[in-house]
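# Structural overview for review
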Amino acid sequence: MKPLRIGLAGLGTVGVGVIKLLRAHAAELTARGGRSIEVVAVSARSRTRDRGVSLDGLRWYDDPVALAQDAEIDVAVELIGGSEGSARAMVEAALARGIPVVTANKALVALHGGALTALASKHNTTLFYEAAVAGGIPAIKLVREALAADRLESVGGILNGTCNYILTEMRATGRDFADVLAEAQAKGYAEAEPSTDVDGWDAAHKLAILAGIAFRPIRFDSLSVHGIRDVTSADLRFATELGYRIKLLGLARQQEGKPLEAWVRPCMVPVSVPVASVEGVFNAVTTFGPFSGPMTISGRGAGEGPTASAVVADLVDVARGASLPVWGVADVPDVIDCAPLDDVESAFYVRLDVADRSGTMAGLTSVLRDHDVSVHLVSQHEAAPGRAHVALVTHRVTERAVQEAVAGLSALPTVNGAPLVLKIEDSLQ
Ligand SMILES: NC(=O)C1=CN([C@@H]2O[C@H](COP(=O)(O)OP(=O)(O)OC[C@H]3O[C@@H](n4cnc5c(N)ncnc54)[C@H](O)[C@@H]3O)[C@@H](O)[C@H]2O)C=CC1
Ligand SMILES: N[C@@H](CC=O)C(=O)O
Ligand code: NA
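Owing to the predicted nature of the structure, the values given are computational and were not obtained by experimental measurement.

### Concerning the site of ligand 1
If you check the shell around ligand 1, you find 22 residues, and the closest are V14, K106, G188, E191 and G303. In this structure, an oxygen atom belonging to ligand 1 sits 3.0 Å away from a main-chain N or O atom of T13. Measuring from an oxygen atom of ligand 1, one finds a side-chain N or O atom of K106 at 3.4 Å. Burial of ligand 1 by the surrounding chains reaches 85%, relative to a free accessible area of 830 Å².

Printed below as a string of structure tokens:
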């Protein structure tokens, strides 16, 4: 059988990983795909950079759109990144000429997945994107194929390797945020613009994709998104003391008769639940369905090898002639908005930096009483001479009530700076 000829755009962490993996496992991939899988043409910014792999004999394109139009490729692989510009133009050009596309680009799929699916179906081809969600973990295959029979009530988990790496290292070693972020960048985990990771947007892109498959495509702007910038070593210490781990979670939930709730935010997770022990660059995808029950799979969510593994698995599907519905349904429904979170109830952790003097605690409790927020636990540590960190864990209250109470606490003269509010997510099994 003729080889599957690949046009590969983007020779960074993932692109180079794909070339290495295709070469290292060529014999197995030929056996599994039923034909050999070969890169024949590439596109990247620099022709001269040493990437540690030979590009001899490959056709070179400066313009990824021209690569997508090369008549001698059977599949286009987009590993440039970004929801617009060259990445989007290249994917559209390939689908428009009717060849399949494999991408790791979550921003592109989250923001334009519906339109790309329509374009693919118009030209009788398809889009593969397993690497876009949770790197090497088969998250798309889990939700779209393996759980196709169930009506999921929740989907999500730890969806960003960079943030999980930062939170793990800060807690375990006491290193500071900027230092660990630089290390995550050096290891190839972070996005080109790392604020995409630390401010929660990358996890939000992945959550939007998972929710789109499990429930319905969601309007990205209706997602509530918070990152990990405000989490300090004091919070990580309180979490350990109180029996929690802090994790950046992305979760979408749709219970019978209720609107779709979806958010990305750092949460306190009880140490006893599976996601609490998912550390470092590992991600976890967790689902709950009435028939399948609770499920959590974990693995490396970023980096050269795991991400290349997911891209190449998609190429094996292409070589086999697989034609899977992009969003898991034949006709993609219109996008819906996520529900506002104001009325959602939860317990919350609130950390304050306060003046360490008599009357401070009485002031805090009177504000909480006025907002009808009842406190379950309190802990305090000296922050600096004359200042203390106070952590409160509330009973279940609405998001609105806790936010209003925290606005009242911030206005007290004894409270310095902005308090941190973390949801206590104890529903995961
Ligand atoms: N690094 C990781 O662990 C993971 C990355 N991804 C996704 O994979 C994609 C690639 O990520 P990385 O390899 O980490 O990025 P990278 O920044 O290491 O590599 C991007 C490559 O694209 C090339 N490029 C940029 N603009 C171009 C243009 N106009 N024409 C041709 N080439 C161009 C760059 O020269 C570079 O070779 C992104 O969509 C990212 O979100 C997905 C999962 C994990
Ligand atoms: N920057 C991302 C890479 C994988 O998707 C992450 O850190 O998870
Ligand atoms: Na994946």
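### Describing the coordination of the sodium ion (ligand 3)
Those donors, E130 (O), E130 (OE), V133 (O), G135 (O) and I137 (O), are the protein atoms that reach the sodium ion (ligand 3), and they lie 2.3 to 2.6 Å from it. Read from N- to C-terminus, the donor residues coordinating the sodium ion (ligand 3) fall into the pattern E-x2-V-x1-G-x1-I. The class of E130 is buried, set by a relative accessible area of 4%.

### Here's the deal with the state of the cysteines
Considering all chains together, one arrives at zero disulfides under this definition. Sulfur of C338: no disulfide; nearest cysteine sulfur belongs to C267 and is 15 Å away. On the accessibility criterion, C338 (8% relative accessible area) is buried.

### Examining the side chain of T125
Structurally, the position occupied by T125 is in the loop between α5 (106-122) and β6 (127-128). The exposure class of T125 is buried, given its relative accessible area of 15%. Within polar-contact distance, the side chain of T125 engages the backbone oxygen of I99 at 3.4 Å. Ignoring anything within four residues of it in the chain, the contact list for T125 reads L95, G98, I99, P100 and A120.

Conventions used here
Residues numbered from 1 in each chain as written. Chains lettered and ligands numbered in written order. Predicted model: local features only at pLDDT ≥ 70, side-chain atom pairs only at ≥ 80, totals over all residues. Heavy atoms only, no water. Near = heavy atom within 4 Å. Polar contact = N/O pair within 3.5 Å; in protein donor to acceptor, adjacent residues only side chain to side chain. Areas by Shrake-Rupley, 256 points an atom, 1.4 Å probe, with all protein chains shown as cover. Donors = N, O, S within 2.8 Å, 3.2 Å for Na, K, Ca; no water. Buried < 20%, exposed > 50% of the residue type's maximum accessible area, 1.4 Å probe, protein only. Disulfide = S-S within 2.5 Å. Helix = DSSP H or I, 4+ residues; strand = E, 2+ residues; numbered from the N terminus. Contact = heavy atoms within 4.5 Å.

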